[in-house]
Amino acid sequence: MELYLIGRILREFRIRRGLTQEDLADICSLATISRIENGNQVPSRRLVEALFHKMGFSSPSNEVLAKDIELQLCFIEQEMSKMCSEGNHEFKHLLEEYSNCAKEKNMNEFEKQVYLFYSAVYESEHNHKHEKVLEKLFEALNLTFPNYWQAQKSKERKILLTQNELLIISNIAIEKYAMKQCDEAISIMEDMKEYYENNFIDEEEREKHFAVVLLSLAGWYDKKKDYQKALELCDEGILHCSKASLPAFILNRGGILWSMDKKEEGIKTMKDGLRLFEYLQQNERLKKVRQEIKKVIGLDL
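Residues numbered from 1 in each chain as written. Predicted model: local features only at pLDDT ≥ 70, side-chain atom pairs only at ≥ 80, totals over all residues. Heavy atoms only, no water.

**Considerations on the overall build of the protein chain**
Alright, step 1. Helix and strand content of the protein chain: 15 helices and zero strands.
Alright, step 2. Computed over its C-alpha atoms, the radius of gyration of the protein chain comes to 21 Å, within 12% of the 19 Å expected for a compact globule of 301 residues.
Alright, step 3. Taken along the three principal axes of its C-alpha coordinates, the protein chain extends 70 × 40 × 35 Å.
Alright, step 4. In the protein chain, which comprises 301 residues, the share counted as buried stands at 50%.
Alright, step 5. Of the contacts made within the protein chain by residues no fewer than 6 positions apart, 59% connect residues no fewer than 24 positions apart.
Alright, step 6. Accessible surface for the protein chain amounts to roughly 15700 Å². Of this, 48% is attributable to carbon and sulfur atoms. (Helix = DSSP H or I, 4+ residues; strand = E, 2+ residues; numbered from the N terminus. Rg over C-alpha atoms; globule rule 2.2 N^0.38 Å. Buried < 20%, exposed > 50% of the residue type's maximum accessible area, 1.4 Å probe, protein only. Contact = heavy atoms within 4.5 Å. Areas by Shrake-Rupley, 256 points an atom, 1.4 Å probe, with all protein chains shown as cover.)

Written as structure tokens, this is what we have:
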């Protein structure tokens, strides 16, 4: 029987991380992981990606055979992710393209999860129907980790999450906050912060998504008037997150200082953040944050 290289790679990386096959078995059966590692089953590209993400590694997807339509779906997903990271949520055409491609191949649970997640993000940005958005996010999470909330509450074992699961759970917190379920939202997002701080995660992915967790928490503690906690979160983001997210942390720091009645220092810091947005050519975000500043505190900066 032919042995498949990806199984050997998976086993090597799992052992290197000090994990058992059971630790990865939320995403598929223990028997499936065993067959893959023994070279007796060819995993799908998406399953390989999910298993390596759970271990905190980028997926060695070049070692996995993929059909053209699977590669096309990955490309569309990357485009939607890139647009979201730039603050651009006008990707309805990509959602439609993704849906049409996935229907052609009878999409699996990972592809359904991607579609549900980005549908929820689009719905949240354009229609603000938070209950409907939450339904989609919970449905997306249940496709790959139906017992997450029980596992998180019990703390009986180590929880490992894929990048998409981390994104979904963070967005559940954001939607709950929008629905005024503030304490629950903060609790969920604090769990996400703890996960990013205490687990091995691919550095590029950590920089991209951990910023959302810290920025959300900083804003929420600011609204609770826990200014010191909010400033600490901004400082942590400035220290650890990527250059792309740096202006947002500086800007938020300025807003918190303004809330603390340190008006002059706050304005100066906000202007520094805006200049950095401009320098990095994040024009869409620059436009939005200027509008938000004018709306919230009445300043034309």
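**Notes on helix α6 (residues 109-126)**
Alright, step 1. Relative to the 26 Å expected for 18 residues at 1.5 Å per residue, α6 spans 25 Å between its end C-alpha atoms, a close match to the ideal helical length.
Alright, step 2. Counted residue by residue, α6 has 13 buried out of 18 residues, so it is predominantly covered.
Alright, step 3. You can read the cap of α6 off the contacts: a side-chain oxygen lies 3.0 Å from the backbone nitrogen of Phe-110, and it is on Asn-108.
Alright, step 4. Directly after α6, the chain includes His-128, whose backbone phi takes a positive value near 55 degrees. (Expected span 1.5 Å × (residues − 1). Polar contact = N/O pair within 3.5 Å; in protein donor to acceptor, adjacent residues only side chain to side chain.)

**Some words on helix α13 (residues 246-259)**
Alright, step 1. Under the 1.5 Å per step criterion, the end-to-end length of α13 is 20 Å for 14 residues, consistent within 8% with the ideal 20 Å.
Alright, step 2. Inspection of α13 places Pro-247, Ala-248, Phe-249, Ile-250, Leu-251, Gly-254, Ile-256, Leu-257 and Trp-258 among the buried residues, and these make up the whole buried set.
Alright, step 3. On the buried face of α13, the contacting elements are α11 (203-223), α12 (227-240), α14 (263-279) and α15 (283-297).
Alright, step 4. In the stretch just after α13, Asp-261 is the one whose phi turns positive, near 70 degrees.

**Concerning the pattern of salt bridges**
Alright, step 1. Counting across every chain of the model gives twelve salt bridges.
Alright, step 2. Ionic contacts of the salt-bridge type, sharing partners, join the residues Arg-46, Glu-49 and Glu-77 into one network. (Salt bridge = Lys/Arg side-chain N within 4 Å of Asp/Glu carboxyl O.)

**Examining the environment of Cys-101**
Alright, step 1. Within the element layout of this structure, Cys-101 appears in helix α5 (residues 92-105).
Alright, step 2. For the pair Cys-101 and Leu-10, spaced 91 residues apart in the sequence, the C-alpha separation amounts to 29 Å.
Alright, step 3. If sequence neighbours within four positions are ignored, Cys-101 has contacts with Ile-69, Gln-72, Leu-73 and Ile-76.

**A look at the side chain of Asp-222**
Alright, step 1. Topologically, Asp-222 is positioned in helix α11.
Alright, step 2. No salt bridge is formed by the buried Asp-222; its nearest oppositely charged neighbour, Lys-223, is found at 6.1 Å.
Alright, step 3. Separated by 3.4 Å, the side chains of Asp-222 and Ser-259 make a polar contact. (Lys, Arg positive; Asp, Glu negative; His and termini not counted.)

**Regarding the packing of α6 against helix α9 (residues 163-178)**
Alright, step 1. Here α6 crosses α9 at 30 degrees, and the two axes come no closer than 11 Å. Classed by the angle they form, the pair α6 and α9 counts as roughly parallel. Handedness of the crossing formed by α6 with α9: left-handed. Listed contacts from α9 to Gln-113, Val-114, Phe-117, Val-121 and Ser-124 of α6 are Asn-164, Glu-165, Leu-167, Ile-168, Asn-171 and Glu-175.
Alright, step 2. Grouping the amino acids of the contact of α6 with α9 by side-chain chemistry returns five nonpolar, four polar and two charged. (Axes fitted to C-alpha atoms, helices over the stretch in contact; angles between N-to-C directions. Parallel < 35°, antiparallel > 145°, perpendicular 65-115°, else oblique. Left-handed = near helix turned anticlockwise from the far one by under 90°. Nonpolar A, V, L, I, M, F, W, Y, C, P; charged D, E, K, R; others polar.)

**Structural notes on the packing of α13 against α14**
Alright, step 1. With their axes 7 Å apart at the nearest point, α13 and α14 run at an angle of 165 degrees to one another. The angle between α13 and α14 falls in the class roughly antiparallel. Crossing hand, α13 versus α14: left-handed. Facing Leu-246, Pro-247, Ala-248, Ile-250, Leu-251, Arg-253, Gly-254, Gly-255, Leu-257 and Trp-258 of α13, the residues of α14 in contact are Lys-263, Glu-265, Gly-266, Ile-267, Thr-269, Met-270, Asp-272, Gly-273, Leu-274, Leu-276 and Phe-277.
Alright, step 2. For the contact of α13 with α14, the per-class residue count stands at twelve nonpolar, five polar and four charged.

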